[in-house]
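# Coordinate analysis (summary)
Here are the chains, one letter per residue:
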Amino acid sequence: MFADTLLVVLVSLFTTLGAEFIMYVTVYRTDTYKRLKASMDKQSKQLERRKDAVGEHARGGQKKKIDSLEERLKNVNREMSTVKMYSMVAISFTFMALMGMFNSVFDGRVVAKLPFTPISWFQGLSHRNLMGEDFTDCSFIFLYIICCMSIRQNFQKLTGVAPSRAASKVGGSMFSPPPSK
């Protein structure tokens with residue numbers, strides 16, 4: 001089981017690094033991305049400075065300036081998502097093909113033992129294609145997804161291509177919470 005666990009971690013490491021290399025070649029080194037990233041960083045810093053200077057009790061004119069800065073940051077974030085979209089679609093199809101291949105290799109094999117019983121929502125994923133009722137057994141797909149997500153997030157922070165916290169707070173994506181008014 002340890003060898004399978006190590007193999008899944010290595011597979012996820014190499015597929016994630018391959019995906020990030022493709023993103024670097026097709027997106028991160030382009031002038032458009034660099035311009036948008038610089039604009040996003042600059043506007044994020046402006047917004048944070050403005051919010052810190054004003055505090056929570058913004059007046060009419062100050063509130064409008066903050067709202068306009070947030071709107072501009074959302075627009076830049078939307079443009080950045082558009083620039084990344086084509087590469088992400090190609091990487092998604094590649095990941096699905098690889099996942100199908102590795103799923104057939106690890107079908108029915110326990111690759112790890114979880115130190116907890118997952119909540120019911122995740123049991124179908126963590127125990128996928130495994131025999132028995134021990135829900136602490138972990139399938140390939142669950143470990144692969146968790147490893148890919150964590151490796152990708154840390155690698156992006158390490159290389160400096162992850163979005164800044166201020167840009168993430170403002171959002172502009174469908175998964176971000178609605179702004180509080």
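Residues numbered from 1 in each chain as written. Predicted model: local features only at pLDDT ≥ 70, side-chain atom pairs only at ≥ 80, totals over all residues. Heavy atoms only, no water.

## Comments concerning the overall build of the protein chain
Of regular secondary structure, the protein chain possesses six helices and two strands. What you see in the protein chain, going N to C, is helices and strands ordered as α-α-α-β-α-β-α-α. Residues counted as buried form 34% of the 181 residues belonging to the protein chain. Long-range pairs, those at least 24 residues apart, make up 70% of the contacts in the protein chain between residues at least 6 apart in sequence. Carbon and sulfur atoms make up 62% of the accessible area of the protein chain, which amounts to about 11900 Å² in all. (Helix = DSSP H or I, 4+ residues; strand = E, 2+ residues; numbered from the N terminus. Buried < 20%, exposed > 50% of the residue type's maximum accessible area, 1.4 Å probe, protein only. Contact = heavy atoms within 4.5 Å. Areas by Shrake-Rupley, 256 points an atom, 1.4 Å probe, with all protein chains shown as cover.)

## Overview of the packing of helix 1 (residues 2–28) against helix 5 (residues 140–159)
For the pair helix 1 and helix 5, interaxial distance at closest approach is 9 Å and the crossing angle is 45°. Comparing the axis directions of helix 1 and helix 5 gives the class oblique. When the axes of helix 1 and helix 5 are compared, the crossing they make is right-handed. Between helix 1, through Thr5, Val8, Val9, Val11, Ser12, Leu13, Thr15, Thr16, Leu17, Glu20 and Tyr28, and helix 5, the contact on the second element is made entirely by Phe140, Leu143, Tyr144, Cys147, Cys148, Ile151, Arg152, Phe155 and Gln156. Tallied by class, the residues present in the contact of helix 1 with helix 5 amount to 13 nonpolar, five polar and two charged. (Axes fitted to C-alpha atoms, helices over the stretch in contact; angles between N-to-C directions. Parallel < 35°, antiparallel > 145°, perpendicular 65-115°, else oblique. Left-handed = near helix turned anticlockwise from the far one by under 90°. Nonpolar A, V, L, I, M, F, W, Y, C, P; charged D, E, K, R; others polar.)

## Overview of the side chain of Asp4
Along the polypeptide, Asp4 turns up in helix 1. Judged by its relative accessible area of 14%, Asp4 falls in the buried class. When sequence neighbours within four positions are dropped, the list of residues in contact with Asp4 reads Phe106, Arg109, Val110 and Val111.

Purely geometric stuff here, so don't read any function into it on its own.
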